[in-house]
Amino acid sequence: MLATLESIELLEDAERLAKMVLESDIAEQYQICLYKMQNNKETQRKINRFVSLKDLYEEVQRFGKYHPDYKRVMSEVREYKREMDLDPRVAEFKLAENDLQSLLDEISMMLGGAVSKHIKVPTGNPFFDAGHGSGCGGGGSCSCG
């Protein structure tokens, strides 16, 4: 019974933490940037044009440079991706997304570190991952990595 109550309290605390993140300036900026990106016709045109090449790109990748459209498709992919990435709303969104991800990474590291310094917390950010691995492959306590 005690473990169940403790689990419920922990989940409620997690919900409160999630709510705090959602109400943060960083999350608000993320939502604003996402809205701007999703609701701008020119930005969506650039994104959709890039995404539309996905199937053709995957087909070309299977055959590599031997595919008859290899050079054209690879050139268009680079061109459309550059155009999409340079769109001010996409660039602004990516910055806001990185800021939010950094906040979530920091929270994950704090939670994992509070439990044990040997806890692996996948962050996707080498800054946070460095020196925090453990076990096989992580270069941690077993020293095999």
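As the structure is a prediction and not an experimental result, all values here were calculated from the model.

Definitions and cut-offs
Per chain, the residues get numbers from 1 upward, laid out in the order the sequence is written. Local features in this predicted model are restricted to residues of pLDDT 70 or higher, and side-chain atom pairs are both shown and tallied only at a pLDDT of 80 or more, whereas totals for entire chains, interfaces and linings draw on every residue. The basis for every side-chain value is the complete set of non-hydrogen atoms in the structure, without hydrogens or water. With axes taken as lines fitted to C-alpha atoms, and helix axes fitted only over the stretch in contact, angles between N-to-C directions fall between 0 and 180 degrees. Only DSSP runs of H or I covering at least 4 residues are called helices, and only runs of E covering at least 2 are called strands; the numbering of each starts at the N terminus. Each angle is binned into one of four classes, with values under 35 degrees roughly parallel, values over 145 roughly antiparallel, values of 65 to 115 roughly perpendicular, and all other values oblique. What makes a crossing left-handed is the near helix being turned counterclockwise from the far one by less than a right angle; a clockwise turn instead makes it right-handed. Working rule for contacts: check all heavy atoms of both residues, and any pair within 4.5 Å makes them a contact. Residues are grouped as follows: Ala, Val, Leu, Ile, Met, Phe, Trp, Tyr, Cys and Pro are nonpolar; Asp, Glu, Lys and Arg are charged; all remaining types, including Gly, are polar. To count toward a patch, a residue needs a relative accessible area over 30% and no salt bridge; like charges are then connected within 9 Å, while nonpolar side chains (Val, Leu, Ile, Met, Phe, Trp, Tyr) are connected within 5 Å. Note on areas: Shrake-Rupley, 1.4 Å probe, and residue coverage restricted to the protein chains presented here. Within this document, salt bridges are pairs made up of a side-chain nitrogen of Lys or Arg and a carboxyl oxygen of Asp or Glu, the two lying within 4 Å of each other. His is not counted, nor are the chain ends; Lys and Arg add positive charge and Asp and Glu add negative charge. Lysine's charge is taken at NZ, arginine's at CZ, aspartate's at CG and glutamate's at CD. Any pair of nitrogen or oxygen atoms within 3.5 Å is treated as a polar contact; in protein, a donor-acceptor pairing is required on top of that, and neighbouring residues in sequence qualify only through side-chain atoms on both sides. Residues enter a nonpolar core if they are buried and are Ala, Val, Leu, Ile, Met, Phe, Trp, Tyr or Cys, with the set joined through side-chain atoms within 4.5 Å. Relative accessible area decides the class of each residue, using a 1.4 Å probe on protein chains only: under 20% of the type maximum gives buried, over 50% gives exposed, and in between gives partly exposed.

J.: Would you mind showing me how to read the packing of helix α3 (residues 41-52) against helix α5 (residues 70-85) here?
T.: When two helices pack together, their arrangement is given by the angle between the helix axes and the distance between those axes. Two elements in contact, α3 and α5, have axes whose closest approach is 9 Å; the angle formed by their N-to-C orientations is 155°. Viewed along their axes, α3 and α5 adopt a mutual orientation that is roughly antiparallel. α5 is crossed by α3, and the crossing has left-handed handedness. Together, Arg45, Lys46, Ile47, Arg49 and Phe50 of α3 and Val77, Glu79, Tyr80, Lys81, Glu83 and Met84 of α5 make up the contact between the two elements.

J.: Help me out: how do you make sense of the packing of helix α4 (residues 54-63) against α5 in this one?
T.: α5 packs onto α4 with a crossing angle of 135° between their chain directions and a minimal axis gap of 10 Å. On the basis of the axis angle, α4 is oblique to α5. Our pair here, α4 against α5, has a crossing hand that is left-handed. Contacts between α4 and α5 involve Leu56, Tyr57, Val60 and Gln61 on the former and, on the latter, Tyr70, Arg72, Val73, Met74 and Val77. For the contact of α4 with α5, the residue count by class is seven nonpolar, one polar and one charged.

J.: When you look at a negative patch on the surface in this model, what are you seeing that I'm missing?
T.: On the surface, Glu6, Glu9, Glu12 and Glu15 cluster together into a patch of negative charge. Structurally, Glu9 can be placed in helix α1 (residues 2-22).

J.: Is there a simple way to think about the side chain of His67 in this case?
T.: Tracing the chain through its elements places His67 in the loop between α4 and α5. There is a polar contact of 3.0 Å between the side chain of His67 and the backbone nitrogen of Asp69. Excluding residues that lie within four positions of it along the chain, His67 makes contacts with Glu59 and Val60.

J.: In this structure, what is going on with the nonpolar core? I would like to understand it.
T.: Counting residues in hydrophobic clusters, the biggest one holds 13 residues, and the most contacted among them are Tyr30, Leu34, Met37, Ile47, Val90, Phe93 and Leu100. Elements that contribute at least two residues to this core include exactly α2 (25-38) and α6 (88-115). Setting aside chain neighbours within four positions, we find Met37 in contact with Thr43, Gln44, Ile47, Arg89, Val90 and Phe93. In this structure, Val60, Val73, Met74 and Val77 belong to the second largest nonpolar core, which totals six residues.

J.: So what exactly am I meant to see when it comes to the pattern of salt bridges here?
T.: Side chains that differ in sign of charge can pair as their charged atoms come close. Inspection of every chain in the model, using the stated rule, returns twelve salt bridges. Across the pair Asp13 and Arg16 runs a salt bridge, and its minimum N-O distance is 2.1 Å. Within this pair, Asp13 and its partner Arg16 are both found in helix α1, separated by three residues, close to a single helical turn. The salt bridge involving Asp87 is made with Lys46; its shortest N-O contact spans 3.1 Å. In this pair, Asp87 is assigned in the loop between α5 and α6 and Lys46 in helix α3, connecting sequence segments 41 residues apart. Under the relative-accessibility criterion, Asp87 is labelled buried at 0%.

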